[in-house]
Each structure stands twice: as C-alpha cells, then as structure tokens.
Amino acid sequence: QVQLVESGGGLVQAGGSLRLSCATSGLTFYYNVGWFRQAPGKEREFVARMPWSGGSTYVADSVKGRFTISKDNAKNTVDLQMNSLKPEDAAVYYCAAGFRATTRSTEYAYWGQGTQVTVSS
C-alpha cells in the first residue's frame, strides 16, 4: 500500500529557505513522485517531479533555479529544497505518486496530507 507523508513546512521570511520531505512507503521502480502546491482560492499547481528510481528531474518554470527535487535513498524520501522563497510561494505543498511522468495532478493516484508553507514579506 502506497503511503506519502509530508513534513518540513513552516513560516519563513521572504528570501529564506525551507526543505520539505515526503516520506514514502509502498513505491516501486515504476512510480514517479511529484510535488504540487495549492494556495487559497487557486488551483493545484505543479512544482516538480522525478522518477522514484532516481534520474532526471523536472521543475516548473515558476520555481526553476530556486527549487530542487531530490531523493534520499537512505531515508526513502523525496525532498523539495526551496531557496529564495517569495510570498507567492506560500501554499499547502503536497507530494504525490503516479505511474506517469507528468505535470497533471489528475494523473497522480496517491497523495499526502500536505504541509503548509507560509512566507512573510
């Protein structure tokens, strides 16, 4: 059974950094893991994704150069390092898993509960 649990959210000043972690269980070689975010009143937005097995990563243009997705094999986590945070990055951040390497949230079958990121200006 696939389970995803996010952690690492919190309050940070603009320009600061946070590292989110998605603890995973039940994933196999064929899965992709993505990070999405949703701000109040807005649609869920793709942030980054990578294959569970490792390898090439893909990040949204809105966060390119500031956010990095990576896998910690020892901990079985997929992490999102967020630098140079802006107030518009504030949202609930979710990790998700699915078979397709896509930016479309509807293609991801499994979701964590989310972790709140707040960025003060």
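Before any of the text, the structure's been laid out above.
These numbers were taken from a predicted model, which means no experiment stands behind them.

So, how was this worked out
Residues numbered from 1 in each chain as written. Predicted model: local features only at pLDDT ≥ 70, side-chain atom pairs only at ≥ 80, totals over all residues. Heavy atoms only, no water. Disulfide = S-S within 2.5 Å. Helix = DSSP H or I, 4+ residues; strand = E, 2+ residues; numbered from the N terminus. Buried < 20%, exposed > 50% of the residue type's maximum accessible area, 1.4 Å probe, protein only. Phe/Tyr/Trp six-rings, centres within 6.5 Å; stacked < 30°, edge-to-face > 60°. Lys NZ or Arg CZ within 6 Å of the ring centre and 35° of its normal. Pairing = 2+ DSSP bridges. Axes fitted to C-alpha atoms, helices over the stretch in contact; angles between N-to-C directions. Contact = heavy atoms within 4.5 Å. Patch = residues over 30% accessible without salt bridge, like charges linked within 9 Å, V, L, I, M, F, W, Y side chains within 5 Å. Areas by Shrake-Rupley, 256 points an atom, 1.4 Å probe, with all protein chains shown as cover. Salt bridge = Lys/Arg side-chain N within 4 Å of Asp/Glu carboxyl O.

Colleague: I would appreciate a short explanation of the state of the cysteines in the present structure.
Modeller: Note on terminology: disulfide describes a covalent bond linking the sulfur atoms of two cysteines. All chains considered together, the criterion is met by 1 disulfide. The disulfide partner of C22 is C95, and the gap between their sulfur atoms is 2.1 Å. Sign of the S-S torsion, about 60° for the bond between C22 and C95, identifies this disulfide as right-handed. With a gap of 73 residues between them, C22 in strand β3 (residues 18-25) and C95 in strand β9 (residues 91-98) connect regions that are remote in the sequence. With relative accessibility at 0%, the residue C95 sits in the buried group.

Colleague: How do you make sense of the packing of aromatic side chains when you look at a structure like this?
Modeller: Given two aromatic rings, one states the distance between the centres and the angle between the planes to describe the pair. Summed over the entire model, instances satisfying the criterion amount to 9 aromatic pairs. Ring plane angle 75° and centroid distance 5.1 Å describe the contact between F36 and Y108, whose orientation is recorded as edge-to-face. Here F36 is found in strand β4 (residues 32-38), whereas its partner Y108 is found in the loop between β9 and β10 (110-111), with 72 residues between them in sequence. As far as burial versus exposure is concerned, F36 and Y108 are alike and both buried. A network of ring pairs unites the aromatic residues F36, F46, Y58, Y94, Y108 and W111 as a single cluster. Stacked on the ring of Y94, the Lys or Arg R44 has its end atom at 4.0 Å from the ring centre.

Colleague: What should I look at first to understand the sheet that holds strand β1 (residues 3-7) in this one?
Modeller: With antiparallel pairing, the 4 strands of this open sheet are ordered in space as β1-β3-β8-β7. Two strands lie at the open edges of the sheet, namely β1 and β7 (67-72), each paired on one side alone. Within this sheet the neighbouring strands show an average axis-to-axis angle of 20°, counted without direction. Pairing geometry for β3 and strand β8 (residues 77-82), over 6 bridges, is antiparallel. From the neighbouring strand, C22 faces β8, where its bridge partner is V78.

Colleague: Is there a simple way to think about the environment of W52 in this case?
Modeller: Looking at where W52 falls in the secondary structure, it is placed in the loop between β5 (45-51) and β6 (58-59). It is 18 Å that separates the C-alpha atoms of W52 and T106, two residues lying 54 residues apart in sequence. Not counting residues within four places of it along the chain, the set of residues in contact with W52 comprises T24, L27, T28, F29, Y31, N32, V33, K71, N76 and V78.

Colleague: Is there a simple way to think about a nonpolar patch on the surface in this case?
Modeller: Among the surface-exposed residues, F29, Y30 and F99 lie close enough to one another that they form a single nonpolar patch of about 440 Å² accessible area. Relative to the elements of secondary structure, F99 occurs in the loop between β9 and β10. F99 gets classed as exposed once you look at its relative accessible area, which sits at 55%.

Colleague: Would you take a moment to explain the pairing of strand β11 (residues 115-120) for this structure?
Modeller: As a general feature of sheets, a regular strand has side chains that alternate between the two faces. Side-chain alternation along β11 places T115, V117 and V119 on a buried face and Q116, T118 and S120 on a face that remains uncovered. Of the pairings in the sheet, the one linking β9 to β11 comprises 3 bridges and is antiparallel in character. Pairing of Y93 across the sheet is with T115, part of β11.

Colleague: What is the right way to read the pattern of salt bridges from this model?
Modeller: Pairs can form between side chains of opposite charge once their charged atoms are near each other. Across all of its chains, the model carries 6 salt bridges by this definition. The salt bridge partner of D79 is R19, with a shortest N-O separation of 3.3 Å. Here the residue D79 occupies a position in strand β8, and R19 occupies one in strand β3, the gap between them amounting to 60 residues. Classification of R19 by relative accessible area gives partly exposed; the value is 41%. A salt bridge links D89 to R66, with the shortest nitrogen-to-oxygen separation between them at 2.7 Å. Remark: R66 occurs in the loop between β6 and β7 and D89 occurs in the loop between β8 and β9; sequence separation between them is 23 residues. Of the two residues examined, D89 and R66, each falls in the buried class.

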